[in-house]
Amino acid sequence: MTAIGVTAAFLAVSGLFFHDAVLSGREASLRLFMEPFNFLVVVVAPLLAARAFSEERGTGSAELLFTTPLGAGGIVVAKYLATLGVVLVMLATTLVFPLTLARFGSPEWGPIAGQYLGAVLLAAATTAVGIAASTLSSSQALTAVVGLVVSLAAWLLGRLSESVTTAAGSFLAAVALPPHVADLNRGLVDLADLLFFA
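Residues numbered from 1 in each chain as written. Predicted model: local features only at pLDDT ≥ 70, side-chain atom pairs only at ≥ 80, totals over all residues. Heavy atoms only, no water.

*Asks:* Just to check I follow, could you spell out the pattern of salt bridges for this structure?
*Replies:* Close approach of charged atoms lets side chains of opposite charge pair. Counted according to the given criterion, the structure contains two salt bridges. R159 is the salt-bridge partner of E35, the closest N and O atoms lying 2.4 Å from each other. Taken together, the residues E35 in helix α2 (residues 31-49) and R159 in helix α8 (residues 140-163) connect sequence positions 124 residues apart. On the accessibility criterion, E35 (42% relative accessible area) is partly exposed. The class of R159 is partly exposed, set by a relative accessible area of 28%. (Salt bridge = Lys/Arg side-chain N within 4 Å of Asp/Glu carboxyl O. Helix = DSSP H or I, 4+ residues; strand = E, 2+ residues; numbered from the N terminus. Buried < 20%, exposed > 50% of the residue type's maximum accessible area, 1.4 Å probe, protein only.)

*Asks:* What's the story with the packing of helix α7 (residues 109-134) against helix α10 (residues 178-185) in this structure? I'm lost.
*Replies:* Axis angle and axis distance: for two packed helices, these are the angle between their axes and the distance between the axes, and together they describe the pair. Contact geometry for α7 and α10: axes closest at 7 Å, N-to-C directions at 155°. In terms of orientation, α7 and α10 fall into the roughly antiparallel class. Of the residues in α10, those touching α7 at P111, G114, Q115, L117, G118, L121 and L122 are V181, L184 and N185. Each residue belonging to the contact of α7 with α10 can be placed in one class, and the counts come to six nonpolar, four polar and no charged. (Axes fitted to C-alpha atoms, helices over the stretch in contact; angles between N-to-C directions. Parallel < 35°, antiparallel > 145°, perpendicular 65-115°, else oblique. Contact = heavy atoms within 4.5 Å. Nonpolar A, V, L, I, M, F, W, Y, C, P; charged D, E, K, R; others polar.)

*Asks:* Looking at this structure, I do not really get the nonpolar core. What am I missing?
*Replies:* In summary, soluble globular proteins display a tendency toward joint burial of nonpolar side chains. The biggest cluster of nonpolar side chains holds 32 residues, and the ones touching the most others in it are F10, L30, F33, F37 and L122. Secondary structure elements with two or more residues in this core: α1 (2-25), α2, α5 (71-93), α6 (96-104), α7, α8 and α10. If you tally residues by element for this core, the top one is α2, at nine residues. Once residues lying within four places of it in the same chain are set aside, the contact partners of L122 are N38, V41, V42, W155, L177, V181 and F197. Among the nonpolar cores identified, the runner-up in size contains five residues, and A52, F53, I75 and I131 belong to it. (Core = buried A, V, L, I, M, F, W, Y, C linked by side-chain atoms within 4.5 Å.)

*Asks:* For this particular structure, what's the right way to read the packing of aromatic side chains?
*Replies:* Enumeration over the complete set of coordinates arrives at eight aromatic pairs. On the numbers, 4.6 Å between centres and 15° between planes, the contact of F18 with F97 is stacked. Note that F18 is positioned in helix α1 and F97 in helix α6, a separation of 79 residues in sequence. Looking at F18, the relative accessible area reads 11%, which means it is buried. On the basis of relative accessibility, which here comes to 7%, the residue F97 falls in the buried class. On the basis of an interplanar angle of 25° and a centroid distance of 4.8 Å, the ring pair of F33 and F37 is categorised as stacked. Linking F33 with F37, this pair stays in helix α2, spanning four residues, or about one helical turn. Neither residue differs from the other here; F33 and F37 are each classed as buried. (Phe/Tyr/Trp six-rings, centres within 6.5 Å; stacked < 30°, edge-to-face > 60°.)

*Asks:* Looking at this structure, how should I read the confidence of the model for the protein?
*Replies:* Caution is warranted with low-pLDDT regions, since their predicted coordinates should not be read in detail. Scored by pLDDT, the protein has a mean of 86; 99% of the residues are at 70 or more. The weakest mean pLDDT in the protein belongs to helix α4 (residues 62-65) at 71; the strongest belongs to α7 at 93. (pLDDT = per-residue confidence, 0-100.)

Structure below.
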């Protein structure tokens, strides 16, 4: 039930962002929508992942889980893929927005595909952060806060890198999330950005 509620809230907030972007931009484009949408992905993905292992520790079923023949690595990958699957379903629900644009205008599909690829890569990265954080404690609240803080730091470093013009700014841009989705949001796929998320 938690995933359904989070998905509904995610879609509602995304819908508000879409509405504001289309009304303020007055163009058949997701350009103004993607920045707040990507920020929402960065917030929601680690929160959903927070319970992956912390719940097992809290209920005492972690020992039982790790006795399965899958092994620790397989369990981590399975939990990651399951959580990422939920996040991707959430992202898929927002495909109604570009379809709405197509109904009333003529959007460019290349940038839209790049924008959604960027959102998927952000979701994959921040879900991994949330899974890693969930291994730290049996408290879901604590692991949610840790995952959220790390993900937001990676997001905010991008904003900080824009105001620093020295070598430190270049370093911040290299480790931050937003610079690596900026080209994707314009429909440009750069191998360096893809490798960053790999």
